[in-house]
Amino acid sequence: MAAEIVGEHRQVPMAEHTTWRCGGAADRVFAPNSIDDLSTYLAGLETDVPLTWLGRGSNVLVRDGGMRGVVIQLREPLSEIVLEPPRVRAEGGAPCARLATLTAAAGWSGLEFLAGIPGTVGGALAMNAGAAGSEIWEFVESIETVDRQGNRHEFTSEQIRFGYRFAEVPAGHGVVAGAFRLERAEDPAQPERRLRELMDRRRATQPVSLPSGGSVFRNPPGGHAARLIEEAGLKGCRIGEAEVSQTHANFIVHEGTASAADIERLIDHIQRTVEKHSGVRLELEVRILGEAG
């Protein structure tokens, strides 16, 4: 991946800033060094410029034609984590895995599952990311956002409607921090043991060594997308240089040469084939951004 960037940059190749390692360039990318820096930038931004919020670039597919407008990239250095048990506050650019590791090492449980999510806290809150039977909004006390005009807001968990892979953050707002409640483990070593178990399971069941966007499809009610894809005979299916993972059928991987168009065509093929085979229309979990090449 490319080195961290701070400030505004133009014509930034998004293949260097997404976990799928493909896609065209963004017209402009702004990476703030603080929430105040972000507020100041947005307050001076042209009102008609399209705006997209991005973290580490997981769970997104940027098309080969790139992205118009401005991408706000919340990563380092907007990634402070402050542990004040039984509460922890994390800025939006903090990696989920770091939040899980720090809280588990201190003997506090609840967020261990985040170790298996390769994104940032802001992105996880925006989509109610989950793993191992848990979802991030189960532990949220409040979130902080910045709107299109640069104004800062705070919302309690009771003010945000959320469910499986969605959270209704107000339109135009970016999540810049979250506060979470934790539980003190009776055995202080237990959270770290659970974290290691979850990471071992992830390495055994997911294609962590190859570029991917994470889980491509949402699990349908009462079912599993991976199972439906495998039952439709699609494991290992390729279009161009994009392939349905042999390790986990709900992942699409490549070894560095797939285009976003290859991946998008394979997504469409999976949806049509699974629907024909089982009658289930799989819904996307990843977001498709930008313009076709």
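Refer to the structure presented above.
Residues numbered from 1 in each chain as written. Predicted model: local features only at pLDDT ≥ 70, side-chain atom pairs only at ≥ 80, totals over all residues. Heavy atoms only, no water.

Here's the deal with the pattern of salt bridges
This structure, assessed with the given rule, holds 22 salt bridges. Ionic pairing is found between Arg87 and Glu141, a salt bridge with its closest N-O pair at 3.3 Å. Residue Arg87 is found in strand E7 (residues 87-91), and its partner Glu141 is found in strand E11 (residues 140-146); the two are separated by 54 residues along the sequence. On the basis of relative accessibility, which here comes to 31%, the residue Arg87 falls in the partly exposed class. Residue classification places Glu141 among the partly exposed positions, given a relative accessible area of 32%. (Salt bridge = Lys/Arg side-chain N within 4 Å of Asp/Glu carboxyl O. Helix = DSSP H or I, 4+ residues; strand = E, 2+ residues; numbered from the N terminus. Buried < 20%, exposed > 50% of the residue type's maximum accessible area, 1.4 Å probe, protein only.)

A look at the nonpolar core
Grouped together as the largest cluster of nonpolar side chains are 34 residues, with contacts concentrated most on Leu99, Leu111, Leu114, Leu125, Ile143 and Phe180. Going through the elements one at a time, E7, helix H2 (96-105), helix H3 (121-127), E11, strand E15 (174-181) and helix H4 (190-205) are the ones with two or more residues in this core. If sequence neighbours within four positions are ignored, Phe180 has contacts with Pro86, Arg87, Val88, Ala90, Leu99, Leu111, Val121, Leu125, Ile136, Phe139, Val140 and Glu141. In this structure, Ile229, Val244, Ala249 and Val274 belong to the second largest nonpolar core, which totals 25 residues. (Core = buried A, V, L, I, M, F, W, Y, C linked by side-chain atoms within 4.5 Å. Contact = heavy atoms within 4.5 Å.)

A few points about the sheet that holds strand E19 (residues 252-253)
Pairing is antiparallel in the open sheet, where three strands are placed in the order E17-E18-E19. In this open sheet, the two strands that pair with only one neighbour each are strand E17 (238-239) and E19. Inspection of the sheet shows strand E18 (residues 242-244) paired to E19 by two bridges, in the antiparallel sense. For Glu243, the partnering residue across the bridge sits in E19 and is Val253. (Pairing = 2+ DSSP bridges.)

Concerning the side chain of Ser109
Looking at the element boundaries, Ser109 is found in strand E8 (residues 108-109). Given a relative accessible area of 17%, Ser109 falls into the buried group. When residues no more than four places from it in sequence are discounted, the contact partners of Ser109 are Leu182, Glu183 and Pro191.

Considering the side chain of Gln73
With respect to the secondary-structure elements, Gln73 resides in strand E5 (residues 67-73). There is a polar contact of 3.3 Å between the side chain of Gln73 and the side chain of His17. (Polar contact = N/O pair within 3.5 Å; in protein donor to acceptor, adjacent residues only side chain to side chain.)

What about the environment of Ala43?
With respect to the helices and strands, the residue Ala43 is situated in helix H1 (residues 35-43). Take Ala43: its relative accessible area is 55%, and that puts it in the exposed class. Residues Ala43 and Asn151, spaced 108 residues apart in sequence, show a C-alpha to C-alpha distance of 7.9 Å. With sequence-adjacent residues up to four places away left out, Ala43 is seen in contact with Gln149 and Gly150.

Description of the sheet that holds strand E3 (residues 51-54)
On the basis of which strands lie adjacent, the open sheet formed by four strands has the order E1-E2-E5-E3 and mixed pairing. Because the sheet does not close on itself, it has two edges, and the strands there are strand E1 (7-13) and E3. In this sheet, neighbouring strand axes are inclined to one another by 30° on average, regardless of whether the strands run parallel or antiparallel. (Axes fitted to C-alpha atoms, helices over the stretch in contact; angles between N-to-C directions.)

Spatial relationships are all this shows, so hold off on functional conclusions.
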